[in-house]
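# Coordinate analysis (summary)
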Amino acid sequence: MHEIGVVFYVIRDVKKVAEENNVEQVETVTLEIGEVSGVVHELLIDCFNWAVKKEPIMEHAKLQIETIKAVTFCEDCKQEYETVKYAKICPHCQSENTYLLRGNEFNIKEIGVT
C-alpha cells in the first residue's frame, strides 16, 4: 500500500505552504488524481483521515478528490480515446501505436484555509 507514503508527502507539502502563508488551520485539501495513477481513492482517504489527526494545523482537514479521466492518443489515426475502456488498442483503427496523454497525474489542486 503506497497510499500512506503519498499521504505523508501531501501533508508535508500542505504544511509547508500553510506555514509560508501564516495559515492557522487547513480546512480542505483538494487533489487531482488520474484514473490510471494506481492510487486507490478509498485507501488514500483512510490514510489521510488517520494522518491529519497527528498534525495540529491539519487535524480537521477534509480530503476532496477530483478524478482526471485517462485519455490515450493514437499515433496512426491521430484520434484520442478513453484509456480505461479501450486500453492500448485504438478503437478507431486497431493500432497499438498509442500513448497516454493524461490520466496518471497526482496534483495538489487547492488548499482551503481559515
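Look up a bit, the structure's there.
Quick caveat, the model's predicted, so the values are computed rather than measured.

What follows is about the packing of helix 1 (residues 3–20) against helix 2 (residues 41–52). Where helix 1 contacts helix 2, the axes come no closer than 9 Å and their chain directions differ by 50°. Taken as axis vectors, helix 1 and helix 2 run oblique relative to one another. Two packed elements cross with a definite hand, and for helix 1 against helix 2 that hand is right-handed. The residues of helix 2 that touch helix 1, namely those facing Glu3, Ile4, Val6, Val7, Phe8 and Ile11, are Leu43, Leu44, Cys47, Phe48, Trp50, Ala51 and Val52.

Here the focus is unusual backbone geometry. In this model, Lys78 sits at a positive phi of 60°, which is unusual for a non-glycine residue. For Lys78, the location among the structural elements is in the loop between strand 3 (71–74) and strand 4 (80–82). For Ala87, which is not a glycine, the phi torsion comes out positive at approximately 60°. Within the fold, Ala87 resides in the loop between helix 3 (83–86) and strand 5 (98–102).

A separate point is the side chain of Gln25. For Gln25, the position within the fold is in the loop between helix 1 and strand 1 (26–34). Each residue touching Gln25, except ones within four places of it in the same chain, is listed here: Pro56, Ile57, Met58, Glu59, His60, Gly112, Val113 and Thr114.

Thresholds, definitions, all that
Residues numbered from 1 in each chain as written. Predicted model: local features only at pLDDT ≥ 70, side-chain atom pairs only at ≥ 80, totals over all residues. Heavy atoms only, no water. Axes fitted to C-alpha atoms, helices over the stretch in contact; angles between N-to-C directions. Helix = DSSP H or I, 4+ residues; strand = E, 2+ residues; numbered from the N terminus. Parallel < 35°, antiparallel > 145°, perpendicular 65-115°, else oblique. Left-handed = near helix turned anticlockwise from the far one by under 90°. Contact = heavy atoms within 4.5 Å.

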